[in-house]
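An overview of the molecular structure
Read off the chains here:
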Amino acid sequence: MNLILLGPPGAGKGTQAKLLETLYGITQIATGDMLRAEVKAGTPIGKQAQAIMASGALVPDEIIIAMLRSRLTGPDCAAGFILDGFPRTVPQAEALDQMLDQAGLSLDAVIELKVDDAALTDRIAGRFSCAQCGAGYHDEWKTALVPGVCDVCGSHDFVRRADDNRETVAARLVAYHAQTAPILPYYAAQGRFFQVDGMAPMADVTREIEIVLATLPPRDGK
Ligand code: AMP
């Protein structure tokens with residue numbers, strides 16, 4: 001099963017993608033995570049992307065598209081993938097269609113997590129995660145059961161993303177509305193486009209997505 005999760009930063013794409021990975025045995029492909037790995041490794045892509053990411057703007061399409069090209073057909077995607085954070089522009093959506101065509105693949109569903117902008121800054125500014133296992137936490141809504149110790153793996157190391165601060169979040173939301181929101185009608189016109197309430201509790205969002213996936217219309221009228 002091949003899916004795209006769409007929505008602004010803080011909509012819950014990463015959280016839901018991780019849950020769907022487990023539920024459906026498919027692989028999360030998060031371009032933001034791929035870029036952060038490039039930055040950490042100090043690669044040429046990482047060096048180009050670092051300042052752009054810190055400003056909240058989008059990394060140029062050519063870099064992202066080249067980075068993603070070989071990823072979709074990797075052996076870990078044999079059962080399918082969930083794209084999280086890609087595509088973010090209409091040219092990226094068009095390039096994805098071409099890549100899928102060439103690989104003989106297609107999308108089963110494009111799901112938008114709908115959220116209020118007003119809630120996003122608080123969601124993002126308070127979030128952090130376990131440096132070892134990636135479990136997500138929030139200063140106000142999801143603290144560790146034992147302060148300073150990860151509930152999942154017991155690690156004492158936690159990390160916050162450099163771009164999860166109020167100023168950068170504002171720029172990321174501007175980029176979302178200007179450059180990413182136009183891909184919603186692109187996918188709506190293709191069909192197999194669904195909207196889920198991303199403001200609902202996490203488990204309810206997952207359940208809504210499961211309902212969408214369980215009731216997908218047949219392809220090509222079959
Ligand atoms: P994310 O982890 O998805 O919030 O992405 C973090 C940052 O990485 C974004 O604010 C962009 O600067 C960059 N980025 C991630 N994915 C893309 C993409 N598909 N196109 C352009 N920039 C991206």
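All figures in this text were calculated on a predicted structure; none of them were measured in a lab. (Residues numbered from 1 in each chain as written. Predicted model: local features only at pLDDT ≥ 70, side-chain atom pairs only at ≥ 80, totals over all residues. Heavy atoms only, no water.)

Focus on the overall build of the chain
Scanning the chain from N- to C-terminus turns up nine helices and eight strands. The globule rule puts the C-alpha radius of gyration for 222 residues at 17 Å, and the 17 Å found for the chain is close to it. Projected onto the principal axes, the alpha-carbon positions of the chain cover approximately 55 × 40 × 35 Å. The 222 residues of the chain split such that 42% are buried. Contacts in the chain between residues far apart in sequence, at least 24 positions, make up 70% of those at least 6 positions apart. With 20 positive and 27 negative side-chain charges, the chain shows a separation of 3 Å between the mean positions of the two kinds. (Helix = DSSP H or I, 4+ residues; strand = E, 2+ residues; numbered from the N terminus. Rg over C-alpha atoms; globule rule 2.2 N^0.38 Å. Buried < 20%, exposed > 50% of the residue type's maximum accessible area, 1.4 Å probe, protein only. Contact = heavy atoms within 4.5 Å. Lys, Arg positive; Asp, Glu negative; His and termini not counted. Charge placed at Lys NZ, Arg CZ, Asp CG, Glu CD.)

Structural notes on the packing of helix α4 (residues 61-69) against helix α5 (residues 90-103)
Remark: α4 packs on α5, axes separated minimally by 10 Å, with the N-to-C direction vectors making an angle of 25 degrees. Of the possible angle classes, the one that applies to α4 and α5 is roughly parallel. With respect to the hand of their crossing, α4 and α5 are arranged in right-handed fashion. Residues D61, I64, I65, L68 and R69 of α4 pack against P91, Q92, A95, M99 and Q102 of α5. (Axes fitted to C-alpha atoms, helices over the stretch in contact; angles between N-to-C directions. Parallel < 35°, antiparallel > 145°, perpendicular 65-115°, else oblique. Left-handed = near helix turned anticlockwise from the far one by under 90°.)

Comments concerning the pairing of strand β4 (residues 109-114)
When you tally the buried positions in β4, you get five out of six residues, the bulk of the element. Of the strand pairs in this sheet, strand β1 (residues 2-6) and β4 are connected by four bridges, and their pairing is parallel. Opposite L3, over in β4, you have A109 as the bridge partner. Note: β4 against strand β8 (residues 193-197), five bridges, orientation parallel. (Pairing = 2+ DSSP bridges.)

Points about the nonpolar core
Judged by nonpolar contacts, the single largest core of 30 residues is most densely connected at L72, L83 and Y187. Of all the secondary structure elements, the ones that give two or more residues to this core are β1, α2 (31-41), α3 (44-55), α4, β3 (81-84), α5 and α8 (183-190). Leaving out residues up to four positions away in the same chain, L83 has contacts with L3, I4, L5, I29, L68, L72 and L96. Counting residues in hydrophobic clusters, the runner-up holds 20 residues, among them L5, A17, L120 and V196. (Core = buried A, V, L, I, M, F, W, Y, C linked by side-chain atoms within 4.5 Å.)

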